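Here is how the chains run, residue by residue.
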Amino acid sequence: MPAKKTPTKRKFDPIVEDAKDLKKVKVFHRSHGKEAGQVLALGQGEVGQLGLGEDIMERKKPALVSLPEKVVQVIAGGMHTVCLGDTGHVYTFGCNDEGALGRDTTEEGSEMVPAKVALEEKVVQVSAGDSHTAALTEDGTVYTWGTFRDNNGVIGLLEPFEICKAPVKVPMTEPVVKIASGSNHLVLVTLEGNLYTSGTAEQGQLGRVPEHFSDRGGRKGLGRLLVPQMVKIKGKVHFKDAFCGAYHTFAVSKEGPVYGFGLANYHQLGTKNTKMCFVPVKLVCFKNSTTSWVDFSGGQHHSLCLDAEGQVYSLGRAEYGRLGLGEAVEEKSDPTPVMGMEPASGLSCGASVSYAVTREGSVYAWGMGTNLQLGTGEEDDEWSPAKMTGKQLENRTVLMVSSGGQHTVLLVKDKQES
């Protein structure tokens, strides 16, 4: 018997080695941060998510966050913030009750200022949800920390009910080129064009768990949810990108069609009905564009999308102005152009707020003003795009924006560097 087992093992090893060889080729995706700058934060920050220390709990206008190095990507989780340094180091600050910071914060106040996460490998992209953070390394490996939650509480991250306070490696058999986080789910796009998901499945956001197994995996248990598995679609479909809303997912195929799954109760997926989508649906509302779709983002009940011409579109729930289409608008089931801005290069949704970064480096905000996330200095809702202003934005170009539950972060650089 041992003699028979040995060749089997040897036969398998080259496959593993091939995967390692693939990983040695540095993964690249257009979403990986390239331009380095500084971080600004605004909104509410009662648990330190602004990164401005124990004395500053809110900022009506963008404030400069002190970091040890320049930053190429900044992401707002639900109540924490993740910064990717120019050297590939990850810095975190904010709520660490469930391990989302990936570092020790037993020293009082240490969660309220940026500090490094212990990761040996160079990171090229980060993502964050309500209570979890993920990091993609240059060789296609993914690390994650924190936990996923469902409507009944903590479900764990890789092991059932186990909160990971430090980075753990995500088990994958092929290199990953892009990661995206919803509130409580993680989406991985691989070098080969496959799509993997893990996390909570209650609203269909994993795209691979039937409704009768969506409550904690049903009789198959939480392992079905927490271990990343491939999203399967009939026919040959290769994915090149994926984006998350709080409870829904968009996936763009190399063949052209855009697929969606998850919560659709306000048409935020662009489907004609409001039923949750537990399997990927080809979204015909994105088919008629004369240009390609390059960016998506989702809040709790709305979505933004961007075409290659720089036009921003919105769909989903309209309350509080999050669609940016004016006060008389009801929910939209089709991507609807948002007017009043220059061509955009990127966008982001918070829970009930929306942002667009223009190609010339300005940022526009609209939606719910309650948490001071819009940068207007007021708590009023904005029903149409309003250009964000502030002392820290003067003579600076905005590179990217990201919004969480109550705070928003910007990556900027000085105009003389542009």
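Remember, predicted model here, so these are calculated numbers, not experimental data.

1. Here's the deal with the pattern of salt bridges
Then, in step 1: With the rule as written, the count across this model stands at 9 salt bridges.
Then, in step 2: As a salt-bridge pair, Asp-150 and Arg-216 come within 2.7 Å of each other at their nearest N and O atoms. Of the two residues, Asp-150 sits in strand E10 (residues 148–150) while Arg-216 sits in the loop between strand E15 (195–199) and helix H2 (223–226), which places them 66 residues apart along the sequence.
Then, in step 3: Overall, the relative accessible area of 10% leaves Asp-150 in the buried class.
Then, in step 4: On the basis of relative accessibility, which here comes to 22%, the residue Arg-216 falls in the partly exposed class.
Then, in step 5: The salt bridge partner of Lys-272 is Asp-334, with a shortest N-O separation of 3.1 Å. With Lys-272 in the loop between strand E19 (258–262) and strand E20 (277–282) and Asp-334 in strand E24 (residues 332–337), the pair connects residues that are 62 residues apart, well separated along the chain.
Then, in step 6: Judged by relative accessible area, Lys-272 falls into the exposed class, the value being 58%.
Then, in step 7: A relative accessible area of 33% means that Asp-334 is categorised as partly exposed.
Then, in step 8: The network of salt bridges with common partners includes Arg-30, Lys-178 and Asp-241.

2. Focus: the sheet that holds strand E28 (residues 382–387)
Then, in step 1: The antiparallel open sheet is built from 4 strands, whose spatial order is E25-E26-E27-E28. Two strands bound the open sheet, and with one partner strand each, they are strand E25 (344–349) and E28. Sheet twist, expressed as the average angle between the axes of neighbouring strands with direction ignored, equals 15 degrees.
Then, in step 2: Two strands pair when backbone bridges link them, and strand E27 (residues 363–367) and E28 are joined in this way by 3 bridges, in the antiparallel orientation.

Calculation rules
Residues numbered from 1 in each chain as written. Predicted model: local features only at pLDDT ≥ 70, side-chain atom pairs only at ≥ 80, totals over all residues. Heavy atoms only, no water. Salt bridge = Lys/Arg side-chain N within 4 Å of Asp/Glu carboxyl O. Helix = DSSP H or I, 4+ residues; strand = E, 2+ residues; numbered from the N terminus. Buried < 20%, exposed > 50% of the residue type's maximum accessible area, 1.4 Å probe, protein only. Pairing = 2+ DSSP bridges. Axes fitted to C-alpha atoms, helices over the stretch in contact; angles between N-to-C directions.

In short, the description is geometric, and any link to function would need to be established separately.
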